[in-house]
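Below, each chain spelled out in residue letters.
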Amino acid sequence: MRILICEDSVLLREGIARLLDHAGHETVAALADATGLGEEVERTDPELCILDVRLPPSYSDEGIRAALALRRERPQLPILVLSQYVEERYASDLIAAAGGAFGYLLKDRVADVAEFVDSVERIARGATVLDPEVVSQLLTRRNQDDRMRRLTDRERTVLAAVAEGKSNQAIAELLFLSAASVEKHITSIFQKLGLEPDESGNRRVLAVLAHLENTGAAQGPTPAGAASAAPRPTTDDRPQTGSER
């Protein structure tokens, strides 16, 4: 896979390039800022772009504006945005923007090389991959929404996994449930949130998060780690066995 990286930290930029090259991918360009990004995309024709949210000269929103510009110009180009903190308004902008696959991850995730490479490859295949901290904050902020309050603890846990881009099978394995049970939970969640069912993984992630954003998720950056974790399974929601599976 041909990958373009736009990251101002030379250590992180070179580190990402090396680990992706080691995984069998090709870094076609490694930029320190978004100046000339569009021209470089035209020249190298990457299959995925990785951009930092905050880039020179102001270190505010240059990266996210560059990502949104790319989504307008090349809507099917997969994009992965990296951020030091959970910045919900930037995630919201990407969620609202029409286009292909995208990811929003905290830079800490790069330290887990296998997971990071897997996320990059999933995005390239068309998935939406969102950092669990982003999902956790969106869900936590919306706990007072009437429709969110209708969800059981297990449904909230399943919803968090859905919004992170996990497949039904992955959720089943994570929570020790059958695939049929996961499907029932997701159907119930969508009904309670007033969303049309959609088995396309990418669309259902966007549907869930768009709903949460449209009901007033808070704006502004929040330090990573400040969000509450997704609710833990209750004792009444034990793993199924035997015929229950």
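Residues numbered from 1 in each chain as written. Predicted model: local features only at pLDDT ≥ 70, side-chain atom pairs only at ≥ 80, totals over all residues. Heavy atoms only, no water.

### Some remarks on the overall build of the chain
Just so we agree on the cut-off: A run of H or I in DSSP becomes a helix once it reaches four residues, and a run of E becomes a strand once it reaches two; helices and strands are each numbered from the N terminus. Residues count as neighbours in contact if any of their non-hydrogen atoms are within 4.5 Å of one another. Only the protein chains shown count as cover for residues, and all accessible areas are computed by the Shrake-Rupley method using a 1.4 Å probe.
Broken down by element type, the chain carries 11 helices and eight strands. A separation of at least 24 residues holds for 69% of the contacts in the chain among residues at least 6 apart in sequence. When the accessible area of the chain is evaluated, it comes to approximately 11,600 Å², of which 48% is carbon and sulfur surface.

### Section: helix α1 (residues 10–22)
One full turn of an α-helix is made of 3.6 residues, so residues set three or four places apart face in the same direction. The line we're drawing: Working rule for helices: expected span equals 1.5 Å times residues minus one. Any residue under 20% of the maximum accessible area for its type is buried, any over 50% is exposed, and the rest in between are partly exposed; the area is computed with a 1.4 Å probe on protein chains only.
Between the first and last C-alpha of α1 there are 18 Å, a value that for 13 residues agrees with the 18 Å anticipated at 1.5 Å per step. Residues of α1 that are buried: Leu 12, Arg 13, Ile 16, Ala 17, Leu 19 and Leu 20. Where α1 terminates, the next one or two residues include Gly 24, which has phi positive at roughly 100 degrees.

### Thoughts on the confidence of the model for the chain
Quick note on the threshold: The predictor attaches a confidence to each residue, and that confidence, scored 0 to 100, is pLDDT.
Taken residue by residue, the chain gives an average pLDDT of 78. The fraction at 70 or more is 74%. Looking across the chain, the model is least confident in strand β8 (residues 221–222), with a mean pLDDT of 37, and most confident in strand β1 (residues 2–6), with 97. Across residues 216–245, where pLDDT falls below 50, the model places 55 contacts with residues more than four positions away in sequence or in other chains.

### Focus: the packing of α1 against helix α5 (residues 113–124)
Which entries qualify depends on this criterion: Here an axis means a line fitted to C-alpha atoms, over the contact stretch when the element is a helix, while the angle between two N-to-C directions is reported on a 0 to 180 degree scale. Should an angle lie under 35 degrees it is considered roughly parallel, over 145 roughly antiparallel, and from 65 to 115 roughly perpendicular; all remaining angles are considered oblique. Residue polarity follows a fixed list, in which Ala, Val, Leu, Ile, Met, Phe, Trp, Tyr, Cys and Pro are nonpolar, Asp, Glu, Lys and Arg are charged, and the others, Gly among them, are polar.
In the contact formed by α1 and α5, the axes pass within 11 Å of each other and the chain directions differ by 80 degrees. Between α1 and α5, the interaxial angle falls into the category roughly perpendicular. Contacts from Ile 16, Leu 19 and Leu 20 of α1 reach α5 at Val 113, Phe 116, Val 117 and Val 120. Looking at side-chain class alone, the contact of α1 with α5 contains seven nonpolar, no polar and no charged residues.

### Looking at the UniProt feature "modified residue: 4-aspartylphosphate" (unreviewed entry) in the chain
Cut-off, in case you're wondering: UniProt positions are given in the numbering used here, feature names are shortened, and annotations may be inferred rather than shown by experiment.
This chain's UniProt record puts "modified residue: 4-aspartylphosphate" (unreviewed entry) on Asp 52. Secondary-structure assignment places Asp 52 in strand β3 (residues 48–52). The class for Asp 52 is buried, based on a relative accessible area of 4%. Setting aside chain neighbours within four positions, we find Asp 52 in contact with Cys 6, Glu 7, Asp 8, Gly 63, Ile 64, Leu 82 and Lys 107.

### Regarding the sheet that holds strand β7 (residues 129–130)
The strands that make up a sheet are held in pairs by hydrogen bonds between backbone atoms, and each pair lies either parallel or antiparallel. We apply this condition: Only strands joined by at least two bridges in the DSSP assignment are considered to pair.
With parallel pairing, six strands are arranged side by side in an open sheet as β2-β1-β3-β4-β6-β7. Each end of this open sheet is capped by a strand with a single partner; those strands are β2 (26–31) and β7. Sheet analysis places β1 next to β2, joined by five bridges and oriented parallel. Residue pairing across strands places Cys 6 opposite Leu 31, the latter belonging to β2.

### Comments concerning the side chain of Glu 7
Where we set the bar: Counted as a polar contact is a pair of N or O atoms within 3.5 Å, where, for protein atoms, one must be capable of donating a hydrogen and the other of accepting one, and residues adjacent in sequence contribute only when both atoms are in side chains.
By the secondary structure assignment, Glu 7 is in the loop between β1 and α1. Within the local environment of Glu 7, its side chain forms a polar contact with the side chain of Lys 107, the two groups lying 3.4 Å apart. Filtering out sequence-adjacent residues up to four positions away, Glu 7 remains in contact with Leu 12, Arg 13, Leu 31, Ala 32, Asp 52, Leu 55 and Lys 107.

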